[in-house]
Amino acid sequence: MRKNDDLHRAIVTAPELQPLLEVLRDYRSRVDLLIEQSWHDSLSSAKSIYVAEGREDSATAAWCLETIASTQDHFIDAFLQLKCNDFYEAWCLFERVEIALHQLARHYMLPDDEFGLRHMETATAQFQSLYPYRWFASPGMVVRRATCSICGEAFRLTGGCEHELGEIYKGEMCCRVLNDIEALEISIVEKPVQKYSVLFSDDISYDYGPVHYVTAGLASPWHEWSVEREELLIAREGFPGTSRNAPCPCGSKRKYKKCCVLKPRRKVHYQFSFVHPLPEALPTYLEDGRFIVKGVPEGVRLRRGAAAEPAD
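About the criteria used
Residues numbered from 1 in each chain as written. Predicted model: local features only at pLDDT ≥ 70, side-chain atom pairs only at ≥ 80, totals over all residues. Heavy atoms only, no water. Patch = residues over 30% accessible without salt bridge, like charges linked within 9 Å, V, L, I, M, F, W, Y side chains within 5 Å. Areas by Shrake-Rupley, 256 points an atom, 1.4 Å probe, with all protein chains shown as cover. Salt bridge = Lys/Arg side-chain N within 4 Å of Asp/Glu carboxyl O. Helix = DSSP H or I, 4+ residues; strand = E, 2+ residues; numbered from the N terminus. Buried < 20%, exposed > 50% of the residue type's maximum accessible area, 1.4 Å probe, protein only. Disulfide = S-S within 2.5 Å. 1 Å grid on protein atoms, 1.4 Å probe; cavity = no way out; pocket = protein on both sides within 12 Å on 5 of 7 lines; lining within 4 Å. Points joined across faces, edges and corners; volume = space filled by probe spheres on them. Nonpolar A, V, L, I, M, F, W, Y, C, P; charged D, E, K, R; others polar.

Novice: Even after reading the chapter, I still don't get a nonpolar patch on the surface, so can you show me in this structure?
Specialist: A surface patch of nonpolar side chains, amounting to about 320 Å² of accessible area, comprises Met-141, Val-143, Leu-178 and Ile-181. Within the residue set of the nonpolar patch, elements represented by two or more residues are strand S1 (136–148) and strand S4 (176–189). Along the polypeptide, Met-141 turns up in strand S1. Classification of Met-141 by relative accessible area gives partly exposed; the value is 37%.

Novice: How do you make sense of the state of the cysteines when you look at a structure like this?
Specialist: Where two cysteines share a covalent bond between their sulfur atoms, that bond is called a disulfide. Inspection of the entire model under this criterion finds 0 disulfides. Of all cysteine sulfurs in the structure, the one in Cys-161 sits closest to Cys-151, which takes part in no disulfide; the separation is 3.8 Å. When its relative accessible area of 36% is taken as the criterion, Cys-151 is described as partly exposed. Its sulfur unpaired, Cys-175 is 6.5 Å from the next cysteine sulfur, which belongs to Cys-174. By relative accessible area, which is 31% here, Cys-175 ends up partly exposed.

Novice: Would you mind going over empty space enclosed by the protein with me for this structure?
Specialist: Remark: the empty space left among the atoms is shown by a probe the size of a water molecule rolled over them. On inspection of all chains with the given rule, the structure shows 1 cavity of 30 Å³ or more. The computed volume of the largest cavity comes to approximately 30 Å³. Lining the largest cavity, in full, are Phe-75, Phe-79, Phe-94, Phe-127, Leu-218, Pro-221 and Trp-225. Considered class by class, the residues forming the lining of the largest cavity number 7 nonpolar, no polar and no charged.

Novice: Help me out: how do you make sense of the pattern of salt bridges in this one?
Specialist: Opposite charge on two side chains permits them to pair, given that their charged atoms come into close proximity. All told, the structure shown has 10 salt bridges when counted by the stated rule. Arg-25 is the partner of Glu-22 in a salt bridge, and the nearest nitrogen-oxygen pair spans 2.8 Å. Of the two residues, Glu-22 and Arg-25 both sit in helix H2 (residues 18–25), 3 residues apart, roughly one turn of that helix. Under the relative-accessibility criterion, Glu-22 is labelled partly exposed at 46%.

Novice: Explain the environment of Ser-48 here, please?
Specialist: Here Ser-48 lies in helix H3 (residues 37–52). Relative accessible area serves as the criterion here: at 45%, Ser-48 is assigned to the partly exposed category. For Ser-48 and Lys-170, which are 122 residues apart along the polypeptide, the C-alpha to C-alpha distance reads 8.8 Å.

Structure, rendered in structure tokens:
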């Protein structure tokens, strides 16, 4: 807690950081605009001075502001990609938001939500829960050589340099740099380490209906919303038009009335709530909210993928 207090003091008392802080605090006015490059240049100059003067707390404070800025930009950009129906690109940006928030939480616990971090954490998790992705590729590999991003020394499980993974040194976070790796295999998993490794092919179609609906209902990425998901058990006729006393078409050799005449199935139901009014053209209830995207999206392969197609 003392470390966090010292860091917060370094952030709010440095005169050169105050104009930069105001930009981060004014995040709600940046609905579709990313932070200007001049902001990053000013922060980089300040961090260079802190490092040269040996002011570790101030250099770490600069890293925190840099991380907050990139998180806000990723979040806004993800929303803009959703508005363009580029769902996979938005998915990758939401993952970057998630990773950045996790890294920031290790070093700086905000006294309030003046930078919108809690909103981004909640909204990112909600958007991710609406995505249809369920299977991912997870590569298995052998790391033959890895080095420290701070000093360049070889990384070893025992011994090695004095830098700790994830800690901040001179305004930079310590990471492992993989210099020599050997790929062994690729596994198909449900809970991947990297969420961007979604399985795509020209034969796979994904239904982005819930994501598309929420995006259409939001005028700003900073507007609050919530969703409750539940599975409803409903019954439907398995083979319409079949006589009740006829053999069941499923091949069970039983009569249709004793087999698949009313076959139960589960239907996912989403209940959405929006704090701000919905656009007039957007219905409050959808009989069929499917929004199907077929093929491989751009960014997963070099040539352009398929476009979004609303389902009939």
